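Take a look at the letters that make up each chain.
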Amino acid sequence: MPLKTLAEYESLAVQAHGHLCAGQILGLRLAMHGIQLLGIDDPTGKDRKRLVTYVEIDRCAADAITVVTGCRLGKRALKFRDFGKVAATFCDLAENRAVRVLALESSRQIAAERYPGIADRNAQQMAAYRELSDAELFDHQWVRVNIGPEDLPGYRAPRAICAACGESVSFRREVQIDGRILCRACAGERYYEPTEPRP
Ligand SMILES: [Zn+2]
Ligand SMILES: [Zn+2]
């Protein structure tokens, strides 16, 4: 099943994200552009094992990008880098090439100029994100992404047990410090503080 039309992706995005918004449309266009640049025509079908996507934002556009690419966290094919940019990098594992696509701020200005009759800003942006050319919406650059074997979708490794907390760690996410095998939480990356008993 080759790339769908924008309208088809819009209806899938509504299902996935709960509503349609300008950010969704921009994300759909961004992912379609990236995949077309790579020359991949069936990202959720026959080419589904070729693609790894890095997203640089955790807003509406990110959900839309997963709709087009089929790359999901649960398949280890979606990577999140919290850069606060409407950008994503699409990596074709089969051809060993990657392209980073960035949404241009200048498209807002073009939207205002091209659709002066649409007063509502959101409606104006939605129209623009549907109709502006890829060149008006995006910049792109070819990049190299070094994806370690443990970050590839099918990677497996023996389970380790953290010497501090006893929890088991899969896929070689453990670290070794002073000869001890530790989970990343015990190694200093813990993002939570125990609050027993329940507050
Ligand atoms: Zn949204
Ligand atoms: Zn631990």
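Scroll up to find the structure.
Presented here is an overview of the structure given in this document.

1. Here's the deal with the coordination of the zinc ion (ligand 2)
Metal coordination angles in their ideal form are 109.5 degrees for the four-donor tetrahedron and 90 or 180 degrees for the six-donor octahedron.
In step 1: For the zinc ion (ligand 2), every protein donor is listed as Cys 162 (SG), Cys 165 (SG), Cys 183 (SG) and Cys 186 (SG), and the spread of their distances is 2.3 Å.
In step 2: Around the zinc ion (ligand 2) sit four donor atoms; with metal-centred angles ranging over 102 to 114°, the donor geometry is tetrahedral.
In step 3: All donor residues of the zinc ion (ligand 2) come from one chain, and their arrangement in sequence is C-x2-C-x17-C-x2-C. Of this pair, Cys 165 sits in the loop between strand E6 (160–161) and strand E7 (168–169) while Cys 186 sits in helix H7 (residues 185–189), and the two are 21 residues apart along the sequence.
In step 4: In this structure Cys 165 comes out as partly exposed when scored by relative accessible area, which is 35%.

2. Some details on the sheet that holds strand E5 (residues 138–143)
In step 1: If you trace the five strands from one edge of the open sheet to the other, you get E2-E1-E3-E4-E5, paired in mixed fashion. A strand with exactly one partner marks an edge of an open sheet, and here the two such strands are strand E2 (78–80) and E5. Shown here is a sheet whose adjacent strand axes are inclined to one another by a mean of 20°, direction ignored.
In step 2: Inspection of the sheet shows strand E3 (residues 87–92) paired to strand E4 (residues 97–103) by six bridges, in the antiparallel sense. Note that in E4 the partner of Asp 92 across the bridge is Arg 97.
In step 3: Where helix H2 (residues 22–38) meets the sheet, its contacts fall on strand E1 (51–55), E3, E4 and E5, and the angle it forms with E4 comes to roughly 150°.

3. With respect to helix H4 (residues 106–114)
In step 1: Those residues of H4 that fall on the buried side of the exposure criterion are Ser 107, Ile 110 and Ala 111. Projection of H4 onto a plane perpendicular to its axis shows the buried side chains occupying an angular sector of 105°, all on one side.

4. Here's the deal with the environment of Ala 22
In step 1: Along the polypeptide, Ala 22 turns up in helix H2.
In step 2: The spatial distance from the C-alpha of Ala 22 to the C-alpha of Gly 154 is 34 Å, given a sequence separation of 132 residues.
In step 3: The residues contacting Ala 22, other than those within four sequence positions of it, are Asn 122, Gln 125, Met 126 and Tyr 129.

5. Some words on the packing of helix H1 (residues 6–17) against H2
In step 1: Viewed as axis vectors pointing N to C, H1 and H2 meet at an angle of 125°, and their least axial separation amounts to 10 Å. Between H1 and H2, the interaxial angle falls into the category oblique. Crossing of H1 against H2: the hand is right-handed. Counting all contacts with H1, which are made through Leu 6, Tyr 9, Glu 10, Ala 13 and His 17, the residues of H2 involved are Gln 24, Ile 25, Leu 28, Arg 29 and Met 32.
In step 2: For the contact of H1 with H2, the class distribution of residues is six nonpolar, two polar and two charged.

The rules behind these values
- Residues numbered from 1 in each chain as written.
- Chains lettered and ligands numbered in written order.
- Predicted model: local features only at pLDDT ≥ 70, side-chain atom pairs only at ≥ 80, totals over all residues.
- Heavy atoms only, no water.
- Donors = N, O, S within 2.8 Å, 3.2 Å for Na, K, Ca; no water.
- Tetrahedral: all angles 85-135°; square planar, octahedral: opposite > 155°, others 65-115°.
- Helix = DSSP H or I, 4+ residues; strand = E, 2+ residues; numbered from the N terminus.
- Buried < 20%, exposed > 50% of the residue type's maximum accessible area, 1.4 Å probe, protein only.
- Pairing = 2+ DSSP bridges.
- Axes fitted to C-alpha atoms, helices over the stretch in contact; angles between N-to-C directions.
- Contact = heavy atoms within 4.5 Å.
- Arc of directions from axis to C-beta.
- Parallel < 35°, antiparallel > 145°, perpendicular 65-115°, else oblique.
- Left-handed = near helix turned anticlockwise from the far one by under 90°.
- Nonpolar A, V, L, I, M, F, W, Y, C, P; charged D, E, K, R; others polar.

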